[in-house]
Amino acid sequence: MDVVVVGAGLAGLSCASRLVAAGLDVVVLEGRDRVGGRVEGGHTADGVPVELGGQWIGPTQHRVRALAAELGLELFPTHVHGDALYDLRGRLKRTRDGANPPLGAAGLVDVATAVAALHRLARQVDPARPWEARHAARTDDRTFADWLGRRPTPVGRLFWQLFSRAVFSAEPGDLSLLHVLFYVRSAGSVEQLMDTGGGAQQDRVVGGSVLLAERLAERLGDRVRLGHVVEHVDVGDGGTGQVDGHVTVRCQDGLEVTADRAVLTLPPTLAGRLSYDPPLPAPRDQLTQRVPMGAVLKLHVVYDRPFWRDAGLSGTALSDGELVQVVFDNSPPDASFGVLLAFVEGADAVCWGPRPAAERHAAVVARLVELFGPEAARPREVVERDWTAEPLSRGCYGGYLPPGVWTSYGKHLRAPVGPLHWAGAELATVWAGYMEGAVRSGEQVAGEVVVALRR
């Protein structure tokens, strides 16, 4: 082949589509028995797909929106009409649609001041080269917890703790401050990351976001090979990257593919688990050991109807309580039944993931009862995906960089190693970590591969 692509997520499929359009012979190897990667369907309630992985598309995520239109897919807005619930510091309150969260006057001023400060710092970061930012070493040495610890109000600090879990599925002490600034800059603003209407959680795909991957795969036809888990990468010519070099990818079942170039779209930590001959250069190998995945469990609690709407509630909830911090109304567009989507993130995912599913589901339902009332005690079913236990992802939403990694190893994140190229949501410079970032990264790397082969 001209190119072998490892991984049939949105990055791999977008990359392969561009390469095929350029006239190259391409094969895509995927270890799962499905396409989509961290975008997953396959489960239904009343015949309606339940999205177990990435699902939302924001208004500024232009490339994935264009792709949905190109593939004939329709979008519909996330349900936000009604009051939102806030369970903070032991007090449950509801606020009008679009109103400020109940943080108190001092808390709101604290959060607004902090958002402005983050934006000022983020503007100094080039998402393509965060390690070159002004004061990069200083901000990369600090954790996000160090920064939020300087906030003057307890409720202001609480807001940023919830932000860390909701956006990164990690604790503030896990994250480099520079990585947070990179994320904010790649998305455009804190509001773009957090908001539903006008933000990253605004729209959903009718029929499920997995249709993006499935329809891309349909176009590629038998170029996509499922059920082949890659375990070894052999680079011809010692990784010099000469035009006459080649790369051979070997799967656990014995399948081998030899190509002029390979594009690996696995998250960095999983790419580091493959064996390479010759071994990867030390800086790239060290990098893969330093980009852990976030920890998140995604639970759809299904009801006969969206009963919370009768009470004037939107289904959105934010809580600092144990187990469930973020809840959305994830009902189908016709509201033929109701779905409350509960996320278990960060330290809570690490704690609750190993427990029996029945115990975990009961605890989540109990939290929903505390938030939405006694009708929440009678779900029809609970559909769950524990992404920390998914063997070909090992976490979600994506990989994050702890302190010191951007400035020490960041320049190796996207750099090819001979005929090996890297793509994926973690490598995007616009909307890193999101479906938009995955599509953009795959398409950008496809362009780089075409240029390299023609050269």
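All values reported here derive from a predicted model rather than from experimental measurement. (Residues numbered from 1 in each chain as written. Predicted model: local features only at pLDDT ≥ 70, side-chain atom pairs only at ≥ 80, totals over all residues. Heavy atoms only, no water.)

So what exactly am I meant to see when it comes to unusual backbone geometry here?
Across residues other than glycine, the phi torsion is negative in most instances, and most of the peptide bonds are trans. The omega torsion across Asp 277 and Pro 278 is -5°, close enough to zero to call that bond cis. The topology assignment puts Pro 278 in the loop between β14 (275-277) and α11 (282-288). Cis geometry is adopted by the peptide bond preceding Tyr 397, which originates at Cys 396 and carries an omega value of 5°. Positive phi, close to 55°, is recorded for Ala 335, a residue that is not glycine. Using a relative accessible area of 27% as the deciding quantity, one classes Ala 335 as partly exposed. The backbone of Trp 431 sits at a positive phi, close to 55°, despite the residue not being glycine. Among the structural elements, Trp 431 can be located in the loop between β20 (420-422) and α15 (435-454). (Helix = DSSP H or I, 4+ residues; strand = E, 2+ residues; numbered from the N terminus. Buried < 20%, exposed > 50% of the residue type's maximum accessible area, 1.4 Å probe, protein only.)

I would appreciate a short explanation of the packing of helix α2 (residues 62-70) against helix α9 (residues 210-220) in the present structure.
The packing of two helices is summarised by the inter-axis angle and the distance between the axes. Orientation of α2 relative to α9, taken along the N-to-C sense of each, is 60°, at an axis distance of 10 Å. Put simply, α2 runs oblique to α9. The handedness of the crossing between α2 and α9 comes out as left-handed. Residue-level contacts link Val 64, Leu 67, Ala 68 and Glu 70 of α2 to Leu 212, Leu 216 and Arg 219 of α9. Its residues assigned to classes, the contact of α2 with α9 comprises five nonpolar, no polar and two charged. (Axes fitted to C-alpha atoms, helices over the stretch in contact; angles between N-to-C directions. Parallel < 35°, antiparallel > 145°, perpendicular 65-115°, else oblique. Left-handed = near helix turned anticlockwise from the far one by under 90°. Contact = heavy atoms within 4.5 Å. Nonpolar A, V, L, I, M, F, W, Y, C, P; charged D, E, K, R; others polar.)

Looking at this model, I keep getting lost on the pattern of salt bridges. Mind explaining?
When the charged atoms of two side chains lie near each other, side chains of opposite charge can form a pair. Scanning all chains against the criterion turns up 27 salt bridges. Glu 256 is the partner of Arg 250 in a salt bridge, and the nearest nitrogen-oxygen pair spans 3.1 Å. Of the residues examined, Glu 256 reaches a relative accessible area of 46% and is grouped as partly exposed. One network of salt bridges, with partners in common, ties together Arg 18, Arg 63, Glu 70, Arg 219 and Glu 443. (Salt bridge = Lys/Arg side-chain N within 4 Å of Asp/Glu carboxyl O.)

I keep staring at helix α6 (residues 154-168) and nothing clicks. Help me out?
Count 3.6 residues to each turn of an α-helix, and residues three or four apart come out pointing the same way. Along its 15 residues, α6 runs 21 Å from first to last C-alpha, staying within 8% of the 21 Å computed at 1.5 Å per residue. Of all the 15 residues making up α6, eleven are buried; the element is thus mostly covered by neighbouring parts of the structure. Here α6 has its buried residues at Val 155, Gly 156, Leu 158, Phe 159, Trp 160, Leu 162, Phe 163, Ser 164, Arg 165, Val 167 and Phe 168. Count one or two residues on from α6 and you reach Ser 169, which has phi positive near 50°. (Expected span 1.5 Å × (residues − 1).)

Where do I start with the side chain of Gln 55 in this structure?
Counting through the fold element by element, Gln 55 comes out in the loop between β4 (48-50) and α2. On the basis of relative accessibility, which here comes to 3%, the residue Gln 55 falls in the buried class. Side-chain polar atoms of Gln 55 contact the side chain of Lys 298, separated by 2.8 Å. Each residue touching Gln 55, except ones within four places of it in the same chain, is listed here: Asp 203, Arg 204, Val 205, Ser 209, Lys 298, His 300, Asn 330, Leu 341 and Met 435. (Polar contact = N/O pair within 3.5 Å; in protein donor to acceptor, adjacent residues only side chain to side chain.)

What is the right way to read the sheet that holds strand β11 (residues 247-251) from this model?
Where strands meet in a sheet, backbone hydrogen bonds hold them as pairs that are either parallel or antiparallel. Ordered in space as β12-β11-β10-β14, the four strands form an open sheet in which the pairing is mixed. Unpaired on one side and paired on the other, β12 (256-259) and β14 mark the two borders of the sheet. Strand-to-strand twist in this sheet, taken as the mean axis angle between neighbours without regard to direction, amounts to 15°. With four bridges connecting them, β11 and β12 associate as antiparallel partners. Within the sheet, the bridge partner assigned to Val 247 lies in β12 and is Ala 259. (Pairing = 2+ DSSP bridges.)

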